[in-house]
Amino acid sequence: MMEVRVFPAHATLTQAAAELVLASAEEAVRERGRFVWGLSGGSTPEALYRALTGPPFAAAMPWHATVVFWGDERWVPHDHPDSNQRMANATLLSHNAAAQATVIPTPTEDTTPEESAATVEGALRRVFGEAPTRPDLLLLGIGPDGHTASLFPGTSALDERERPFAANHVPQLEAWRITATLPLINASRRVVFLAQGRDKADAVRLALCPPDNEPPLPAALVAPHDGELTWLLDTEAASGLA
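Below, the structure is looked at part by part.

1. Re the packing of aromatic side chains
And then number 1: Enumeration according to the criterion identifies four aromatic pairs in this entry.
And then number 2: Seen in terms of ring centroids, W37 and Y49 are 6.2 Å apart; in terms of plane orientation they differ by 75°. Their pairing is edge-to-face. Taken together, the residues W37 in strand 2 (residues 35–39) and Y49 in helix 2 (residues 43–52) connect sequence positions 12 residues apart. Just as W37 is buried, Y49 falls in that class too.
And then number 3: By the ring-pair criterion, three or more aromatic residues cluster together here, those being F35, W37 and Y49.

2. Details of the packing of helix 1 (residues 10–32) against helix 2
A pair of packed helices is characterised by two quantities: the angle between their axes and the separation of those axes.
And then number 1: Contact pair helix 1 / helix 2: the axes reach a minimum separation of 9 Å and the direction vectors enclose 65°. Seen from above, helix 1 lies across helix 2 with right-handed handedness. In this structure, helix 1 uses L13, T14, A17, A18 and V21 to contact helix 2, whose residues at the interface are T44, A47, L48, A51 and L52.
And then number 2: Across the contact of helix 1 with helix 2, the residue classes tally to eight nonpolar, two polar and no charged.

3. So, the layout of surface pockets
And then number 1: In this structure, the largest pocket encloses a volume near 490 Å³.
And then number 2: Surrounding the largest pocket, 32 residues form its lining, S40, G41, G42, R74 and H147 being those nearest its centre.
And then number 3: Of all the secondary-structure elements, those providing two or more residues to the lining of the largest pocket are helix 2, strand 4 (72–74), helix 4 (84–93), strand 6 (137–140) and strand 9 (190–195).
And then number 4: Considering each element in turn, the lining of the largest pocket owes the most residues, four residues, to helix 2.
And then number 5: Empty space within the second largest pocket amounts to approximately 180 Å³.
And then number 6: Around the second largest pocket, the lining residues are S24, E27, A28, E31, R32, R134, D136, R189, R190, D226, G227 and E228.

The rules behind the values
- Here the residue numbering is sequential within each chain, running from 1 through the sequence in written order.
- For this predicted model, a pLDDT threshold of at least 70 governs which residues receive local features, and a threshold of 80 or more governs which side-chain atom pairs are given and counted, while totals over whole chains, interfaces and linings are taken from all residues.
- Side-chain numbers come from the whole structure's heavy atoms, not from hydrogens or water.
- Here the aromatic set is Phe, Tyr and Trp, taking the six-membered ring for Trp, and pairing holds for ring centres within 6.5 Å; pairs whose planes are under 30 degrees apart are stacked, those over 60 apart are edge-to-face, and all others are tilted.
- In DSSP terms, a helix is any run of H or I states spanning at least four residues, a strand is any run of E spanning at least two, and both are numbered starting from the N terminus.
- Think of it in three bands: residues with accessible area under 20% of the maximum for their type are buried, residues over 50% are exposed, and the middle band is partly exposed, with areas taken using a 1.4 Å probe on protein chains only.
- Fitting a line to C-alpha atoms yields each axis, with helices limited to the stretch in contact; the angle taken between N-to-C directions then spans 0 to 180 degrees.
- Helix crossings are classified by the rotation of the near helix relative to the far one: an anticlockwise turn of less than a right angle makes the crossing left-handed, while a clockwise turn makes it right-handed.
- In this description, contact between two residues means that some pair of their heavy atoms is separated by no more than 4.5 Å.
- For this scheme, ten residues count as nonpolar: Ala, Val, Leu, Ile, Met, Phe, Trp, Tyr, Cys and Pro. Four count as charged, namely Asp, Glu, Lys and Arg, and the remainder, Gly too, count as polar.
- In the cavity and pocket records, a cavity denotes points on a 1 Å grid over the protein atoms alone where a 1.4 Å probe fits but cannot get out, a pocket denotes an open set with protein on both sides within 12 Å along at least 5 of 7 lines, and lining residues are residues with an atom within 4 Å of a point.
- Grid points are joined across faces, edges and corners, and a volume is the space filled by probe spheres set on the points.

This is the structure we're talking about:
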C-alpha cells in the first residue's frame, strides 16, 4: 500500500513524521516486543529527530525496546560534519530517554567499506535471529538525481539482490558510501520518504510516476513486498505532481 501526504509547512510535515514514528514504534513493541528503526540523514530527518526529543514524543517513545541503525552512511569519521551518525547522535540519541535505545553503528574507521557493510549486516541479522530481517520502519530521503539512501543512479549496489547492505562506490561523488540495498528496503514493514523543497520536485514526480521510456530512478524501485510505503512531502516537493 502506498500513501502520499502533502503538507503546507515544514512544521506540519515534521509533526506528522513524528506521529508516524511513534505509532510505528508502539505497534512494533506491542506485536513483536521491539522496534527496529532505520535512520536517515539530511535536514528533514534532523528536524524530526529534534521533535522526538520534546513532548509528547520523548516520554511516549518505547526507547528501551528500540534498535536503531543507519540506512546509509558517508565514508567519513563519526565526528565529521557530514556524518549521518554524528547528526543523529547530536540531535536525538544522546538526549535523555532516547539514550536507552540500542544502536547498531556503521564503522567508518580502521576498516574497509566492504568490512563495514558486513559488520552492519551481521549485527542486524543477530537482532532478528532466525526470523527474516525486516525493519519495522525505514526512513528515506530523495536527492534531486533520484537517489535514495546511498543508491545512486548507475551504481553497483542497485544490482544487489540478496545482501541487505553494500559498500557502494559513487563515481559522481568520488566517494564510498555504506548503504541499505533494495532487498532490505523492500523487506521493511514500513518505508517513509521525507522530502522538502522545490529542488526535489522533479525527482519526486519521476519516482512516483516513472516514464515508460526511461530507466527508473533508484527511488522508484522502492516498493515494499509486504509493507507500507508513505511519502511525506511539503508543497514545493509535491509541486510536480498532478
